[in-house]
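Take a look at the letters that make up each chain.
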Amino acid sequence: MTDQDTLQRFLFDGTDIRGEISTLANSYQDIIRRQKYPDSVAELFGEFLVAASLLSATLKFPGIITIQATGSGPLNTIMTECTQGNKLRGIVRGDLAAAAVGNVLSDFLGSATLAITIEPEGGERYQGIVPLDADNLSQCLEHYFNQSEQLPTQIKLSANREKASGVLIQQMPSSQSREKIDADWQHTSALLGTLKSEEQLGLGHSEQLYRLFHEDGVRLFEPQNLNFFCSCSKQRTERALISLGHTEVQGIVDEQGAILITCEFCDEQYSFNQSNVDSMFDPDKPVLH
Ligand SMILES: [Zn+2]
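The rules behind the values
Residues numbered from 1 in each chain as written. Predicted model: local features only at pLDDT ≥ 70, side-chain atom pairs only at ≥ 80, totals over all residues. Helix = DSSP H or I, 4+ residues; strand = E, 2+ residues; numbered from the N terminus. Buried ≥ 20, exposed ≤ 12 C-beta atoms within 10 Å, placed from the backbone. Contact = placed C-beta atoms within 7 Å. Pairing = 2+ DSSP bridges. Domains from an automatic or database assignment.

Asker: Mind showing me how you'd approach the overall build of the protein here?
Answerer: Check the secondary structure of the protein and you find eleven helices and 14 strands. For the protein, the spread of C-alpha atoms along the principal axes amounts to about 70 × 40 × 35 Å. Taking all 289 residues of the protein together, 34% fall into the buried category. Partitioning the contacts of the protein with sequence separation of at least 6, the portion at a separation of at least 24 is 62%.

Asker: Got a minute to help me understand the environment of Ile64 in this structure?
Answerer: Of note, Ile64 is situated in strand β3 (residues 63–71). Among the residues examined, Ile64 registers 21 C-beta atoms within 10 Å and is labelled buried. Taking the C-alpha atoms as reference points, Ile64 and Leu132, 68 residues apart in sequence, are found 21 Å from one another.

Asker: Help me understand the pairing of strand β4 (residues 75–83) in this model?
Answerer: Where a strand is regular, its side chains alternate between the two sheet faces. Among the nine residues that make up β4, seven are buried, leaving the element largely enclosed by the rest of the structure. When β3 meets β4, the two strands line up antiparallel, connected through seven bridges. Within the sheet, the bridge partner assigned to Ile67 lies in β4 and is Thr80. Here β3 folds back onto β4, and the loop between the two strands holds three residues. For β4 and strand β5 (residues 87–94), the ladder comprises seven bridges, and the chain directions are antiparallel. Its bridge partner lying in β5, Thr80 is registered against Gly90. From the end of β4 to the start of β5, which pair antiparallel, there are three residues, and Asn86 there has a positive phi angle of about 70 degrees.

Asker: Before we go on, may I ask you to explain the domain arrangement of the protein in this structure?
Answerer: Structurally, the protein comprises domain 1 (6–228) and domain 2 (234–280). Computed from C-alpha coordinates alone, the two centres of domain 1 and domain 2 are separated by 35 Å.

Asker: It is not clear to me how unusual backbone geometry should be interpreted in this structure. Could you clarify?
Answerer: A negative phi angle characterises most non-glycine residues, just as the trans form characterises most peptide bonds. Not every positive phi belongs to a glycine, and Asp5 is a case in point at roughly 55 degrees. Structurally, Asp5 is set in the segment before β1 (6–12). By the C-beta count within 10 Å, which is 23 here, Asp5 ends up buried. Its identity as a non-glycine residue notwithstanding, Asp267 has a phi of 70 degrees, on the positive side.

This is how it looks when you write it as structure tokens:
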């Protein structure tokens, strides 16, 4: 099977529609093996992960895109993020066993919202929020794009225990006539609508696109690799502790002897003893940025 852990752009000759297609395999396994996910939860998480990879490709600058669903169901959080350099990570919080019987989004998350956060490297964060009120994530993300960017966007996501795959098409700003733009969009989105889940999970990228668009001059670009990568570090964990304040941090050390912090994304453990805490809050210590 080709096209694992890669993201590819595609374009069509003669229209102003762009596309992205992505398949996660090892990167997905690296992320889901950290917890015992029931199949239904793993598959939903897989859709969120592949969606983050597709959305990261819509960034026009280096940065990170985060998709976070927060709800009142058995699951209270699903969060996935992907850098423009294609580094993926994610977490699911909640009662995984109770969520096992879920089918549509509200079964997993109850009444929920979906926040899309874009963090340009060194720039201002931007966040858009939509209600998570459709049956699946694709529809909620389409709603987000229609609302925030006013660009017609269509997304198909699929996941099983082994893989997660997705396709996104989006209308680009165009100088063509309204009639031509609408006709091209209708034609292309109707074809994408015929893509089946088993094709997404069973075929390579070029085979999927050939099946859908072989008469439409589709051009597939070079693949970019996707990997699981966690951006946590001892230094970032220390910064989070400093923001809690000296009294609070010293209180934990007094009570427990040391502070042990486990990264939720990768299980890396960071421990801080008394002398670490002393130097963390040393007024003479050079400040690291
Ligand atoms: Zn980590």
